[in-house]
Structure formats: structure tokens, C-alpha cells
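One letter stands for each residue in the lines below.
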Amino acid sequence: NAGVMQNPRHLVRRRGQEARLRCSPMKGHSHVYWYRQLPEEGLKFMVYLQKENIIDESGMPKERFSAEFPKEGPSILRIQQVVRGDSAAYFCASSSEGDTQYFGPGTRLTVL
Amino acid sequence: AQSVAQPEDQVNVAEGNPLTVKCTYSVSGNPYLFWYVQYPNRGLQFLLKYITGDNLVKGSYGFEAEFNKSQTSFHLKKPSALVSDSALYFCAVRDGAGSYQLTFGKGTKLSVIP
């Protein structure tokens, strides 16, 4: 029973490039959440999606960040024109309706 | 608004001794409370949760937590610590009637000394 899968595990980008982070939820889960973890800090909520719908994006920066969860395929977190301050670990979680969120291994983004 | 406080950045305990990792919370509605554990360069693993019912909840790897409504606390406990329990522990809360987003504490680093 595969858990939440994220790829890539590590991503290096230069300032101004785009970063695409992918998340495949656990089998049977239709709810996906993205969180960001800065060094020495807890996780901060970014966005909550269901298939083809953004439910809550209150934690998402207003510019450069976007997320989607298409009918087919993984959820994508996209960061355009990355800056050094975007360097962090990005975690995806999935759940069934209102239930426990299970986390993936994360993508560690480094911006040079 | 919801918030979580983990007052200790680090907890040290000798192997075989009981351990407690503290957590207090603030939420406007009914609290749904969670504990997760994170090993170095890994994702978060779910340990246990409180939604409703018995105030003492049991979880994975021998951990348990006690919900105390009057003190707004949800401390994580284990009767006998193992060296392999050394990790970063996060408490999280969400409003049972609100958004599904979790609010996390800053984490407590647990070191179990052989």
C-alpha cells in the first residue's frame, strides 16, 4: 500500500527559474494539502485541493505560487521565478474526507 | 485563528525513563489534535490523534497523549523511552468545524540518551 509520493526529492534551481513539485496522494485519497517547512520551524499550511478544485489557498503567497490537482495525474505545486527565500522543504499530505492527513517524504528545494 | 505552542525546543531523557513532550493549543471551535514525528530528512509520520471521546488516546510505537480541555493541552507521553524514539515531534491542531488546514507547533527535539 503505497503512501504519499513526492518527486523530486531534491530540486536545485537558480534564481529566476521555475520549480515544479509533484505529489501523488495515497490510494483512495481525494484531498491534497501542501505545506512548507523553513529551517528550524514547523510546517506552514499553503493550500488545500480536491480534484480539479482549490478549496483553501489562504496560506499561499499571492504571487509566483500556484497549485493544481487535475482530474488525472498528480498534484503540482509550481513556483515561478524562484528566489533564495523559497528554499525550503515542501511537504504534501493527503486524506480522505476530513480524516487524518498522511505526509509524503517532501521535496527539498534549494535556490542558488 | 488557531495556534499551537510547544514550550520546549529540546527534551532529553534517559533510555528506559518515561518521557513527556508538551503541547498547548488555541482554537475557536472543537479541537482536533494530532502528533507527528519527523526523522532527519524524512517526512512526517502520524502517531496519534484526538477527535472526541476518551481523553487518553493511544497511538503508534507505544506513544499516548492526554487531552485536557481545561488546560488546553495535549501532551505526548511514553512510559519507557527508547534510543530510537530520538526525533523531532510536532503537535498540530485544526478546528473541527472549520478548514481542514493543520496548524503546527515549532517542534520539540527529543533526545533519548543510552
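First, a word on scope: everything that follows refers to the structure included in this document. All values derive from a computational prediction rather than experimental measurement. (Residues numbered from 1 in each chain as written. Chains lettered and ligands numbered in written order. Predicted model: local features only at pLDDT ≥ 70, side-chain atom pairs only at ≥ 80, totals over all residues. Heavy atoms only, no water.)

**Topic: the sheet that holds strand β7 (residues 65-68) of chain A**
Residues and elements named next belong to chain A. The sheet built from 4 strands is open, its strands ordered β1-β3-β8-β7 with antiparallel pairing. Across the chains shown, the open sheet's two edge strands, defined by having one partner strand only, are β1 (5-7) and β7. For this sheet, the mean inter-axis angle between neighbouring strands, taken without regard to orientation, is 15°. Strand direction decides the pairing type here: β1 and strand β3 (residues 19-24), joined by 3 bridges, are antiparallel. When the sheet's bridge partners are listed, Q6 is paired in β3 with C23. (Pairing = 2+ DSSP bridges. Helix = DSSP H or I, 4+ residues; strand = E, 2+ residues; numbered from the N terminus. Axes fitted to C-alpha atoms, helices over the stretch in contact; angles between N-to-C directions.)

**Quick notes on the packing of aromatic side chains**
Applying the stated rule across the entire model yields 15 aromatic pairs over all chains. Note on Y35(A) and F45(A): the rings are 5.8 Å apart at their centroids and 75° apart in plane angle, and the pair reads as edge-to-face. With a gap of 10 residues between them, Y35(A) in strand β4 (residues 31-37) and F45(A) in strand β5 (residues 43-50) connect regions that are remote in the sequence. Accessibility assignment for this pair places Y35(A) and F45(A) in one class, buried. Here the aromatic residues Y35(A), F45(A), Y102(A), F103(A), F34(B), Y36(B), F46(B), F90(B) and F104(B) are joined through ring pairs into a cluster of three or more. (Phe/Tyr/Trp six-rings, centres within 6.5 Å; stacked < 30°, edge-to-face > 60°. Buried < 20%, exposed > 50% of the residue type's maximum accessible area, 1.4 Å probe, protein only.)

**Some thoughts on the side chain of D86(A)**
All names here are of chain A. Counting through the fold element by element, D86 comes out in the loop between β8 (75-79) and β9 (88-95). Here D86 falls in the buried class, since its relative accessible area comes to 3%. Once residues within four sequence positions are removed from consideration, D86 is found in contact with R36, R64, F65, I79, L109 and V111. (Contact = heavy atoms within 4.5 Å.)

**A few points about the pattern of salt bridges**
All names here are of chain A. A complete count under the given rule lists 6 salt bridges over all chains for this structure. Its salt-bridge partner being E18, residue R20 comes within 2.9 Å of it at the nearest N-O pair. Put simply, D86 and R64 hold a salt bridge, and the shortest N to O gap is 2.7 Å. With D86 in the loop between β8 and β9 and R64 in the loop between β6 (53-56) and β7, the pair connects residues that are 22 residues apart, well separated along the chain. (Salt bridge = Lys/Arg side-chain N within 4 Å of Asp/Glu carboxyl O.)

**Comments concerning the interface of chain A and chain B**
Contact residues are listed per partner, giving 23 residues for chain A and 18 residues for chain B. Between chain A and chain B, roughly 1600 Å² of surface is buried when both sides are summed, and carbon and sulfur atoms account for 51% of that area. Its largest share of buried area at the contact with chain B, chain A owes to L43(A), T100(A) and F103(A), together 27% of the area lost on that side. Applying the counting rule to chain A against chain B returns 0 salt bridges. Between the two partners, chain A and chain B, sit 7 residue pairs in polar contact (both at pLDDT 80 or more). Every element with two or more residues in the side of chain A that touches chain B is listed here: β4, β5 and β10 (102-103) of chain A. (Buried area = accessible area lost by both parts, 1.4 Å probe. Polar contact = N/O pair within 3.5 Å; in protein donor to acceptor, adjacent residues only side chain to side chain.)

**Details of the environment of A14(B)**
Residue and element names in this part refer to chain B. Position of A14 among the secondary structure elements: in strand β2 (residues 10-14). Take A14: its relative accessible area is 36%, and that puts it in the partly exposed class. C-alpha of A14 to C-alpha of S60: the two residues are 46 residues apart in sequence and 20 Å apart in space. Setting aside anything within four residues of it in sequence, one finds A14 in contact with A81, V112 and I113.

Note that all results are geometric; they support no functional claim without further evidence.
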